Amino acid sequence: MSLRTIEMALATPGLDPEGRPTRVPLRAGQGPEHYDEDFGAERMLVNIGPQHPATHGVLRLVIELEGESVKRCIPHVGYLHSGFEKLGEYRHYNQIIPLTDRTDYLSPMANNVGLALAAEKLMGIEVPERCRVLRVIACEMSRIISHLVWLGTTGIDLGAYTPFLWSFQERERIYNLQEQWTGARLTTSLTRVGGMMADIPDGWEAGLREFTRTFPATLREVDTMFTRNGIWIGRTQGVGALTAEEATNYSLSGPMLRASGVDYDVRKDRPYLDYETYDFDVPVGEHGDVYDRYRIRLEEMSQSNRILEQALDRLEKLRGAPINVADPRVILPPKSRAMSDMEAMIFHFKQVMEGVKPPAGEAYLGIENPKGELGYYFVSDGTAKPVRWRIRPPSFINLASLPKMCQGALLSDVIAINASVDIVMGEVDR
């Protein structure tokens, strides 16, 4: 009796009519001559999602399998029916900002910044230096939040639970700071065209400094647990690899592109918010697989921590400086002035009722968001509402490479590959 027969008998307990334990003979234990080359099986279609926990949202993957090998992977998108871009064409520019909270709900503050920058480019506005520093802080906090969620959920997808707890503990600390600043944990609506919704509260910098001081210890713990872990390496190295040429041809951006060896970061190559004056490195991978995407995001969190430390130093020198442009046609006057000054009250009324009116024209501006280049494109006819508003969502474009990465992989690899793309379906929904 072969070992496999014994294992199967123990795994399927039962008694025969005479009361003896049943045994299930396995052809596998009788020699390879009993195998059939053709098991009579045909290719099988398997649906993963749209409610599967490993698809991270309402993504539906139709997988065509031959045995365990993936022959085709077809992503189905569009289950949210949110219509963000069309909704934006019926709103004033500042009224669009709450919509951007919901496209990538893991980095709402960075989304807010991107939209304000695009609208300001359309209007030819330059915001004060303190506003630019605050926006850099908002963007880098968002990058850390988004990468922490990715790290924790990807660990769970591949069977590691502890890093999920570490990641969400650190994420909670950032969320507390975000809530103190904006009053919300998810729908921040932090920016305004020409400035900010609010300055940071008194003493807030100390909380962020404490975070930047202790956060690297958590990154080192994750590095110790994952980077040289045999199981982690086995599940990620050589899985879902893309060459630099393939990544470029798919228009990938962010960690997905840089993991394939393409040194492109919007903060360095098309600087905005004075990023060219900050000292930070852009990590670049070599093999373009799931492992390299993990290493890139881990290092990016460390670099964001460096940028936050530098931004906090600048804030100290800009204490009391304005955060909004001094144009009452763009920014609401302070509430105290609106309640005591007739002219300020008129500007307040016109702002709320009529909105900001950029000149006729068009503008596109992209920023380096946690998932890649997030771009906003406006077409204006000179009224307070855009004629057209289009988004370049990194999740949607990065997801297009999923069928290529999954082709020839095992079914279990699909989970790792899909997790490595780091999608949020609010950006993917068309």
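Refer to the structure presented above.
Residues numbered from 1 in each chain as written. Predicted model: local features only at pLDDT ≥ 70, side-chain atom pairs only at ≥ 80, totals over all residues. Heavy atoms only, no water.

Draft legend 1. Structural detail: the packing of helix H4 (residues 108-123) against helix H5 (residues 129-157). At a minimum axis distance of 7 Å, the contact between H4 and H5 shows a crossing angle of 140°. Classified by the interaxial angle, the pair formed by H4 and H5 is oblique. Classified by chirality, the crossing of H5 by H4 is left-handed. Residue-level inspection shows Met-109, Ala-110, Val-113, Ala-116, Leu-117 and Glu-120 of H4 in contact with H5, the latter providing Arg-135, Ala-138, Cys-139, Met-141 and Ser-142. When its residues are assigned to classes, the contact of H4 with H5 shows eight nonpolar, one polar and two charged. (Axes fitted to C-alpha atoms, helices over the stretch in contact; angles between N-to-C directions. Helix = DSSP H or I, 4+ residues; strand = E, 2+ residues; numbered from the N terminus. Parallel < 35°, antiparallel > 145°, perpendicular 65-115°, else oblique. Left-handed = near helix turned anticlockwise from the far one by under 90°. Contact = heavy atoms within 4.5 Å. Nonpolar A, V, L, I, M, F, W, Y, C, P; charged D, E, K, R; others polar.)

Draft legend 2. Inspection of the pattern of salt bridges at higher detail. Applying the stated criterion to the full structure yields 35 salt bridges. Across the salt bridge formed by Arg-388 and Glu-89, the nearest N and O atoms sit 3.7 Å from each other. Of the two residues, Arg-388 is situated in strand E8 (residues 388-392) and Glu-89 in the loop between helix H2 (84-88) and helix H3 (93-103); the sequence distance between them amounts to 299 residues. Judged by its relative accessible area of 39%, Arg-388 is partly exposed. What makes Glu-89 buried here is its relative accessible area of 10%. Between Glu-368 and Arg-258 there is a salt bridge; the shortest N-O distance is 3.1 Å. In this pair, Glu-368 is assigned in strand E6 (residues 361-369) and Arg-258 in helix H10 (residues 255-258), connecting sequence segments 110 residues apart. (Salt bridge = Lys/Arg side-chain N within 4 Å of Asp/Glu carboxyl O. Buried < 20%, exposed > 50% of the residue type's maximum accessible area, 1.4 Å probe, protein only.)

Draft legend 3. Molecular detail of the sheet that holds strand E3 (residues 69-76). Pairing within the open sheet is antiparallel, and its three strands lie in the order E1-E2-E3. Sheet topology places strand E1 (44-48) and E3 at the edges, where each strand pairs with a single neighbour. Across the sheet, the mean angle separating the axes of adjacent strands is 20° when strand polarity is ignored. Note: E1 against strand E2 (residues 60-66), five bridges, orientation antiparallel. Paired with Val-46 across the bridge in E2 is Ile-63. (Pairing = 2+ DSSP bridges.)

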